[in-house]
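# Notes for the structure review
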Amino acid sequence: LAKTTQPISMDSYEGQEVNITCSHNNIATNDYITWYQQFPSQGPRFIIQGYKTKVTNEVASLFIPADRKSSTLSLPRVSLSDTAVYYCLVAWEVTGGGNKLTFGTGTQLKVEL
Amino acid sequence: DAGITQSPRHKVTETGTPVTLRCHQTENHRYMYWYRQDPGHGLRLIHYSYGVKDTDKGEVSDGYSVSRSKTEDFLLTLESATSSQTSVYFCAIRSAGSGANVLTFGAGSRLTVL
């Protein structure tokens, strides 16, 4: 059973870089690591996805080491609006054509002035 | 949101009554998922479907059943609701092919069991 571990919470200030790490020792060989952001009373929203090394988009960067047993979401210069819960998602590969997509516990990021 | 709707959005019911939540998509995606979200537990997978009439259990499937008789609809049923099933339920659809675990979530259904 794939398990992920994230810090429960993090605090930061506006303009700082925030790095959130997720541990996933049993990730499936062919599957990607995906990160989501969730605001209160809303469903999670896709942020970024990667398989290995570094991926960057307009919102964040994702760093994945060669062994893929962890990943780090990096948010550059956070603002108050980045206050949210962040989840990493790994796949739990099963036979029969399906993938059980299991979320980590999430990290509550609080950004202050 | 991206062709996925949940109904009802809010429901209050009594212990022991049956409840069905509906997830409808217009994207023709193969994979659909039901999660529940409770304070301190994050998102937990209840059931998922990988095609019409193809479903499987997730982490917290006890007390829930699902059905998928057509691609666009994925129903979650609580046969006899209990107070422990008070939660926010999210449906999600999965885009693209193997390795691309990009989920699009519905707006959620808030269920209160008295």
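Structure: above.
What counts and what doesn't
- Residues numbered from 1 in each chain as written.
- Chains lettered and ligands numbered in written order.
- Predicted model: local features only at pLDDT ≥ 70, side-chain atom pairs only at ≥ 80, totals over all residues.
- Heavy atoms only, no water.
- Helix = DSSP H or I, 4+ residues; strand = E, 2+ residues; numbered from the N terminus.
- Rg over C-alpha atoms; globule rule 2.2 N^0.38 Å.
- Buried < 20%, exposed > 50% of the residue type's maximum accessible area, 1.4 Å probe, protein only.
- Lys, Arg positive; Asp, Glu negative; His and termini not counted.
- Charge placed at Lys NZ, Arg CZ, Asp CG, Glu CD.
- Pairing = 2+ DSSP bridges.
- Salt bridge = Lys/Arg side-chain N within 4 Å of Asp/Glu carboxyl O.
- Contact = heavy atoms within 4.5 Å.
- Buried area = accessible area lost by both parts, 1.4 Å probe.
- Polar contact = N/O pair within 3.5 Å; in protein donor to acceptor, adjacent residues only side chain to side chain.
- Nonpolar A, V, L, I, M, F, W, Y, C, P; charged D, E, K, R; others polar.
- Axes fitted to C-alpha atoms, helices over the stretch in contact; angles between N-to-C directions.
- Disulfide = S-S within 2.5 Å.

## Observations concerning the overall build of chain B
- Of regular secondary structure, chain B possesses zero helices and 11 strands.
- Mapped from its N terminus to its C terminus, chain B presents α and β elements in the order β-β-β-β-β-β-β-β-β-β-β.
- Against the globule reference of 13 Å for 114 residues, chain B gives a C-alpha radius of gyration of 13 Å, in line with a compact fold.
- Oriented by its inertia axes, the alpha-carbon framework of chain B measures out at about 40 × 30 × 25 Å.
- A total of 114 residues make up chain B; the buried ones form 50% of that total.
- Seen as two clouds, the 12 positive and the 11 negative side-chain charges of chain B have centres 2 Å apart.

## Quick notes on the pairing of strand β4 (residues 31-38) of chain B
Residue and element names in this part refer to chain B.
- A large share of β4 lies buried, amounting to eight of its eight residues.
- Here β4 shows two buried faces, one formed by Y31, Y33, Y35 and Q37 and the other by M32, W34, R36 and D38.
- Where β4 and strand β9 (residues 87-94) come together, seven bridges link them in antiparallel fashion. Pairing of W34 across the sheet is with C91, part of β9.

## Things to note about the pattern of salt bridges
Residue and element names in this part refer to chain B.
- The tally for this structure, following the rule as stated, stands at four salt bridges over all chains.
- Here D38 makes a salt bridge to R44, at a shortest N to O gap of 2.9 Å.
- Exposure remark for D38: the relative accessible area of 11% places this residue in the buried category.
- Through salt bridges with shared partners, one network takes in R22, K70 and D73.

## Let's talk about the environment of V59(A)
- Relative to the helices and strands, V59(A) resides in the loop between β5 (53-56) and β6 (61-64).
- For the pair V59(A) and L101(A), spaced 42 residues apart in sequence, the C-alpha to C-alpha distance is 23 Å.

## What to know about the interface of chain B and chain A
- Taken together, the contacts link 23 residues of chain B with 25 residues of chain A.
- Interface of chain B and chain A: buried area, both sides summed, is about 1,900 Å²; carbon and sulfur atoms make up 52% of it.
- Counting every contact that joins chain B to chain A gives zero salt bridges.
- Taken together, the links from chain B to chain A amount to four residue pairs in polar contact (both at pLDDT 80 or more).
- Those elements that provide at least two residues to the side of chain B that touches chain A are β4, β5 (42-51), β6 (54-57), β9 and β10 (103-105) of chain B.
- For the side of chain B that touches chain A, the leading source of residues is β5(B), giving five residues.
- A per-class count over the side of chain B that touches chain A returns 13 nonpolar, five polar and five charged.

## Re the sheet that holds β6(A)
Residue and element names in this part refer to chain A.
- Taken together, four strands build an open sheet; the order of strands is β2-β7-β6-β5 and the sheet is antiparallel. Each edge of the open sheet is held by one strand with a lone partner, namely β2 (18-23) and β5. Strand-to-strand twist of the sheet, defined as the mean angle between neighbouring strand axes without regard to direction, takes the value 15°.
- As defined by bridge partners, β2 adjoins strand β7 (residues 70-75) across six bridges and the pair is classed as antiparallel. Looking across to β7, one finds that T21 is bridged to T72.

## Side note on the state of the cysteines
Residues and elements named next belong to chain B.
- Across all of its chains, the model carries two disulfides over all chains by this definition.
- The residue that forms a disulfide with C23 is C91, at a sulfur-sulfur distance of 1.9 Å. The disulfide joining C23 to C91 has a torsion of about -75° about its S-S bond and is therefore left-handed. Here C23 is found in strand β3 (residues 19-25), whereas its partner C91 is found in strand β9, with 68 residues between them in sequence.
- Overall, the relative accessible area of 0% leaves C23 in the buried class.
- Judged by relative accessible area, which is 0%, C91 ranks as buried.

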